[in-house]
Amino acid sequence: MASNAKPAASAAADEARKTVKRDTLMEIEKKWQKDWEERHVFEIDMPEDDSVTPEALHDKYPKWMGTFPFPYMNGVLHLGHAFSVSKIEFATGWERLKGKRALFPFGFHVTGMPIKAAADKIARELEMFGPEFVVPEDDGAALESKLEDMSVGDTPKAGGNFRGKKSKVEAKTGNKKYQFQIMQDQGMSNAEIAKFANAEHWLKHYPPIAINDLKAMGCKIDWRRSFLTTDYNPYYDSFARWQFTRLREMGKIKFGKRYTIWSAKDGQPCMDHDRQSGEGVGPQEYTCIKMQVLSWSADAEQIVAATPELAGKKVFLVAATLRPETMYGQTNCFIGTKLEYGFFQSAASDEVYVITERAARNMSFQSLSPVDGQTSKLASISGQAIVGTKVKAPLSCYSDGVYMLPMENVLATKGTGVVTSVPSDSPDDYAALRDLKKKVDFYGIKPEWVEGFEPVPVITTEAYGDMTAPALCQELKINSQKDRDQLAKAKEIAYKEGFYNGVMSVGEFKGQSVQEAKPKVRELLINSGEGFAYAEPENLVMSRSGDECVVSLCDQWYFDYGEASWKALAEECLAAMETFDDETRHQFQLKLDWLHQWACVRTYGLGSKVPWDPSYLIESLSDSTIYMSYYTVAHLLHRSLDGSSTGPLGIQPQDMDNAAWDYVLQGKELPVGHSKSQELAMLRRSFLYWYPVDIRSSGKDLIQNHLTFFIYIHTAMFPKQEWPRSVRINGHLMLNGEKMSKSTGNTLSLRESCDLYGADATRLSLADAGDSVEDANFEESTANAAILHLFTLMEWITEAQKALCQSETSPDSTVKVDDIKLRPASSPLTVVDQVFDAEMDALTLSTGAEYEKTMYRDALKSGFYEFIKGREWYVNVTADSGMHPTLLRKYINRQVIQLCPITPHWAEHIWKTVMGNADSIMDARWPTDLPAEPDYSLLAVGDYIRKTVRSARDAEAKLRSKKKKSKGGAASEVDLSKPRAIDIFVAYEFPEWQEEVIAALKANYNAESGKFDDKQVLSTLGASGMLKNKKVMPFAQEIKKRVVLTGTKAFDRAVAFKEVELLNELAAYLKRTLEFDAVNIIDLSSSKDLRDDQAKAAEVAVPGEPSFLIYNI
């Protein structure tokens, strides 16, 4: 039986044919990547011109330096990294075209917990599963639990084991349970994975892969300046330790007790880069209100009586509030009936707090329990059992006590689970209390618990009087506590109105604004012993070790961000910076408004040791604030990532002491007789040339930490002239319209994309993905289309270049190479030539403007897609006579240069291999023959030609439509299947009524305000009887729209070119493109003897808008 299967060789050939275009482009990419590396094209140095002072170097030799936040080296670079990198990569290409020394340096971040934590996991998994990582099938769950309970650091685990929902890391790793599984997914053998039990191996493994991947993308990076952070690189280590020393001396780093997000399992602060989830979450500070129990409910009384540890002790229901100033209005207190509470011993031996276990755990790290880090639970009690308990509410006008009442939706994840009730100012409290009063039996409460407890005026506002909550509930039609959406809205309004516009109407601080009184009431409660300070994470935070974090009040070193004078400098820096869009500036302003102290040291992980206390390590977001300055000298210090290879100046790590860094980066005097004074002078000169940073580009998530720290520390360490000049923010990158995630399989690494589509198609798709702070989208269909576009354009330009070479040898002859037709180079430029030339200039101007604004999708649109479209139009219009060689040469040159920042390999191939240029496209310059602005008159001619073709086609389409409608009825006048002609009527003057309308509009237009006096326009037209003409008002509206768009020149409708001559020049093109057998251009200024059908068709022609008549011949 014969087989239908193709032979293997034939199938392979078919597959090769499918990818031939991609493979051809990829071979070109590899060729030029090798060439650039061998010629050190991207290694950019400062000018060696000693005749110019360092301060004047910038004027004579313009520079540009762009940076990207160095990636963390615990894995390979994904397409999201590439997207952010591309913003600096494209900008580097643009700045080179402008003639600047454009520097793109790139380092690698290894500071912090993640690498050490992952290495420790591998080590534990080797112990548990052996070198082949065999997980027993029957006890996998037990092993997982054991793995989670094991501490990452040396500090014993404290507190309970809390687990959250699916974490950020789980989303990235595809729900893999173990670290070895994550690495197996990367194609590693078990033997290779075992090496990762040593944290140092991560530092040797991933950075070289990242370098190769970025080279495969064709990035213009000066790799001599690359480095690793931490003490693994002694040069960078000395730099990090120096800046910390100086910042402490300046009082920017302080020591003391402060709230911080804390991992009990790791025994140290858990900062943003240490988290599986909860990045950007900080401590939320509350005032806890101690409400002493006056009498227990019957159920609670039994529990208390059965707990001897409570005998003789004062018991308090403890509520956490953000609004201590409202405590004067307490009418009751709410409890979650479905929650479990505990009696917890406080730090005071005679006081017990009734709160949730979660709150007790947080309090234990804030010196609020007998032993730090441990809770002392004396008994448990349900929320339902507490209902009906009477407590003393501090500051409340109901001094005899208030009752604990049930409330729906009390959260165990916020506060203490005990909620104070102030119905005058809290819509939630008002709605709940109202429901309870209406349905006493339904809620199982006694009438006396709610009767007589009415809202008490506490805060007065102009908008809502002294009963904000009742007023808002009425206004928003809130009928019960189940109206959650409306209550959330009311809550926000009430808080803002009360805080910003409220005045106290009761208590010691009556008459003061709420903003003034709030801290005073808090202090009053704390000093009287009726309240205390408490904090917890704003939202759930999970450490990378799987621990639910708490807030700890501990002694630690911290940056005093938010300090008034320092904040003022940061705001000044931001005000002077270019942010490229208002939203970015707004987000920075918000962060500056609320950023405060930040823990800057830790005890576990990788990092540089704190200079004055080597038992601590510098935190990962705190050693990476001004490392951009390190780029300016890194290549002179060392030539390897770890600093093991000394740089060209022979400077050793020990030479870079604090005095050396003081001199190099701050210009302070070197100690007399310093052994490396001459070498350090070169470093100083290099720093002065390259600094400040011209642009820093990053994803939007780093505004909340790194980028704001970057501003702060620059203002502390450097003078104003060396502060950052701009920050560019991009959104996250989606893949094919969906969030990238390994758990869903929707992910693509940088290397995978380059292998699938090639570097230039990947880069073009990244440029096309988007530029705003909103999330962008990488479409794989765009990458596939890019391959076709680039290959097709390359082939076309190759053939066009052959034609140009022939034209150069025969300038007086017509040349044809395949589909490329050129007329003699000596021939004059026609109107169409001039239009195409003007359109190229306009698109190049637009492309340059978009590159300058870092809007790469728009640059791609004008510099590639629309540029090709314009060329295709020109080829079509000149198909009969041929293109002019001068314009074709200009098109090719412009096209290659415009694409160079985005698709450099393709551009280099065309520039050198096809066009025969000796120098690299990397040394090319942006066109200098551009006009100051587009030639709008010629652009109008181009619009006229295209509009005329469209209008003629529309006229034919109407005939086709009319023919369909006439089926079964009268025959259509024109048979479109037979030979046909088109008459094009060109008018030389406008209808008199149109001129009168324009005159009326012009006379009643105010150029300063940009508005028309419509009443007067109508009056003028009405007086002359013009309004009887139904065409008048639509025409007037059209002219008004044009004036709004283009200004007063819209009143002048005179055609700036000779229509008849232009159309006669285009007759052959019109005949071919419209597919008519004859095209007749009829000048109405000289043609008097028209047939009736012609005369009727000619009636609607006006200058610039010809009319048409189609008929059979």
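First, a word on scope: everything that follows refers to the structure included in this document. Note that the structure is a prediction, hence the values are computed from the model and not measured.

Focus: the sheet that holds strand β31 (residues 980–986)
Spatially, the 3 strands line up as an open sheet ordered β34-β31-β35, and their pairing is mixed. Bordering the open sheet on either side are β34 (1078–1083) and β35 (1107–1112), each of which pairs with just one other strand. Across this sheet, the average inter-strand angle for adjacent strands is 20°, counted without regard to direction. Relative to β35, β31 is paired through 6 bridges, and the arrangement is antiparallel.

Let's talk about the pairing of strand β6 (residues 283–295)
When β6 meets strand β17 (residues 531–537), the two strands line up antiparallel, connected through 7 bridges. Following the sheet pairing, Thr 287 is matched in β17 by Ala 533. Relative to strand β7 (residues 314–321), β6 runs antiparallel, the two being bridged by 6 bridges. Directly across from Cys 288, in β7, lies its bridge partner Ala 320.

Remarks on a negative patch on the surface
Side chains of Glu 989, Glu 992, Glu 995 and Glu 996 sit close together on the surface and give a patch of like negative charge. Here Glu 992 shows up in helix α34 (residues 992–1003). Judged by its relative accessible area of 61%, Glu 992 falls in the exposed class.

Structural notes on the pattern of salt bridges
With the rule as written, the count across this model stands at 62 salt bridges. Across the salt bridge formed by Arg 484 and Asp 428, the nearest N and O atoms sit 3.4 Å from each other. Of this pair, Arg 484 sits in helix α18 (residues 484–501) while Asp 428 sits in helix α15 (residues 427–438), and the two are 56 residues apart along the sequence. On the basis of relative accessibility, which here comes to 35%, the residue Arg 484 falls in the partly exposed class. The partner of Asp 880 in a salt bridge is Arg 1072, and the shortest N-O contact between them spans 2.9 Å. With Asp 880 in the loop between α30 (856–877) and α31 (885–899) and Arg 1072 in helix α38 (residues 1067–1074), the pair connects residues that are 192 residues apart, well separated along the chain.

Conventions adopted
Residues numbered from 1 in each chain as written. Predicted model: local features only at pLDDT ≥ 70, side-chain atom pairs only at ≥ 80, totals over all residues. Heavy atoms only, no water. Pairing = 2+ DSSP bridges. Helix = DSSP H or I, 4+ residues; strand = E, 2+ residues; numbered from the N terminus. Axes fitted to C-alpha atoms, helices over the stretch in contact; angles between N-to-C directions. Patch = residues over 30% accessible without salt bridge, like charges linked within 9 Å, V, L, I, M, F, W, Y side chains within 5 Å. Areas by Shrake-Rupley, 256 points an atom, 1.4 Å probe, with all protein chains shown as cover. Salt bridge = Lys/Arg side-chain N within 4 Å of Asp/Glu carboxyl O. Lys, Arg positive; Asp, Glu negative; His and termini not counted. Charge placed at Lys NZ, Arg CZ, Asp CG, Glu CD. Buried < 20%, exposed > 50% of the residue type's maximum accessible area, 1.4 Å probe, protein only.

Honestly, that's just the spatial picture; any functional story needs more than this.
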